[in-house]
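Listed here are the chains, written in short residue letters.
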Amino acid sequence: MKYCLSVFLLALTLVAPAAFAHEYSQDQVKVDHPWSRPTPPGTPMGVGYMSISNSGSSDVTLVGATTPRAGHVSIHETSMHDGVMRMQPVKGGLTIPAGATVDLKPHSFHLMLEKLNGPLQEGEKIPLTLNFKGANDMDVMLAVEPLDGGMMKEHGMNHSSKEMDHSGH
Ligand SMILES: [Cu+2]
């Protein structure tokens, strides 16, 4: 009995980090883990990453987004040209084909939050409305995660409260 209980508790512990993930579903569209990075003061631009799935039978296109934290949001793609990394707007929007998932992630597709009205702070949740062609607009929250990446999510509350103390100085 005791053994079973501890195995059960261990399983819960291992599953716990998933509780920090967040996803949104609406009609045929699922948006998983929308996140961003903190920006240094004075930086006019921030990023938005997420994974968008389309379980419908027709294509859906992400054509834009709005947020109260930025004057404009663009859809960009980062790519390598002759060894130089550069980013350019995705013309006509980002298509999520029927049945497919498209990842917005570092060194690939991303949202560019331009004309920020203030630095993006670690721990902040940024309201973001995604505008789709072929699906209804969708509200999600971008979680501003630490610069050292997703690994730190494992540390959960401890980490974020420590960081909040720090930003008070
Ligand atoms: Cu960009």
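As the structure is a computational prediction, the values presented were derived from the model and not from experiment.

**So, the nonpolar core**
Note on soluble globular proteins: their nonpolar side chains tend to be buried together. The biggest cluster of nonpolar side chains holds 29 residues, and the ones touching the most others in it are M50, I52, L62, L111, L130 and F132. Leave out the neighbours within four places in its chain, and L111 touches G46, V47, G48, M50, L62, A65, V73, S74, I75, L104, L128 and L130.

**Observations regarding the coordination of the copper ion**
Note on the copper ion: its protein donors are H76 (ND1), M87 (SD), H110 (NE2) and M112 (SD). The metal-donor distances range over 2.1 to 2.3 Å. What the four donor atoms of the copper ion show is an angle range of 96 to 118 degrees at the metal, which sorts the shape as tetrahedral. Of note, the donors binding the copper ion are all from one chain and are spaced H-x10-M-x22-H-x1-M. On the basis of relative accessibility, which here comes to 6%, the residue M112 falls in the buried class.

**Digging into the environment of L104**
Residue placement: L104 occurs in strand β8 (residues 101-104). Along the sequence, L104 and W35 sit 69 residues apart, while their C-alpha atoms lie 9.8 Å from each other.

**Examining the packing of aromatic side chains**
Inspection of every chain in the model, using the stated rule, returns one aromatic pair. Between W35 and Y49, the ring centres sit 4.8 Å apart and the planes meet at 45 degrees, which makes this aromatic pair tilted. Of the two residues, W35 is situated in strand β2 (residues 29-36) and Y49 in strand β3 (residues 46-54); the sequence distance between them amounts to 14 residues. Across the pair, Y49 and W35 agree in class, each one buried.

**A closer look at the pattern of salt bridges**
What the rule picks out here adds up to two salt bridges. The shortest N-O distance in the salt bridge between K30 and E23 comes to 3.9 Å. In this structure E23 comes out as partly exposed when scored by relative accessible area, which is 46%. Here R69 makes a salt bridge to E124, at a shortest N to O gap of 2.6 Å. Of this pair, R69 sits in the loop between β4 (60-66) and β5 (70-81) while E124 sits in the loop between β9 (109-116) and β10 (125-133), and the two are 55 residues apart along the sequence.

**Structural notes on the pairing of strand β11 (residues 138-144)**
Taken across its seven residues, β11 has five buried, putting it largely inside the fold. With two bridges connecting them, β2 and β11 associate as parallel partners. Its bridge partner being in β11, S36 is matched across the sheet by V144. One ladder, built from six bridges, connects β10 with β11; its direction is antiparallel. Looking at the pairing, L130 lines up with M138 of β11. In sequence, β10 turns back onto β11 through a hairpin of four residues, with G134 there showing a positive phi of about 95 degrees.

Definitions and limits used
Every chain is numbered independently, its residues counted from 1 as its sequence is written. Predicted model: local features are reported for residues with pLDDT of at least 70 only, side-chain atom pairs are reported and counted for 80 or more only, and whole-chain, interface and lining totals are derived from all residues. Hydrogen atoms and water are omitted, and side-chain values are computed over all heavy atoms in the structure. Buried residues of nine kinds, namely Ala, Val, Leu, Ile, Met, Phe, Trp, Tyr and Cys, make up a nonpolar core once their side-chain atoms join them within 4.5 Å. Burial here depends on accessible area, computed with a 1.4 Å probe over protein chains only, as a share of the maximum for the residue type. Under 20% is buried, over 50% is exposed, and the range in between is partly exposed. Whether two residues touch is decided by their heavy atoms; if any such pair falls within 4.5 Å, the residues are in contact. Each metal's donors comprise the N, O and S atoms found within 2.8 Å of it (within 3.2 Å for Na, K or Ca). Water is not part of the atom list, so some coordination spheres may appear incomplete. For a four-donor site, all angles between 85 and 135 degrees give tetrahedral; for four or six donors, opposite pairs above 155 degrees with the remaining angles between 65 and 115 give square planar or octahedral; all remaining cases count as irregular. Each helix is a run of DSSP H or I of at least 4 residues and each strand a run of E of at least 2, with the numbering of both proceeding from the N terminus. Ring geometry is summarised as follows: Phe, Tyr and Trp rings, the Trp one being its six-membered ring, pair when their centres sit within 6.5 Å, and such pairs are stacked at plane angles under 30 degrees, edge-to-face over 60 and tilted between the two. Salt bridge, as applied in this entry: a Lys or Arg side-chain nitrogen positioned within 4 Å of an Asp or Glu carboxyl oxygen. Any two strands with at least two DSSP-identified bridges between them are counted as paired.

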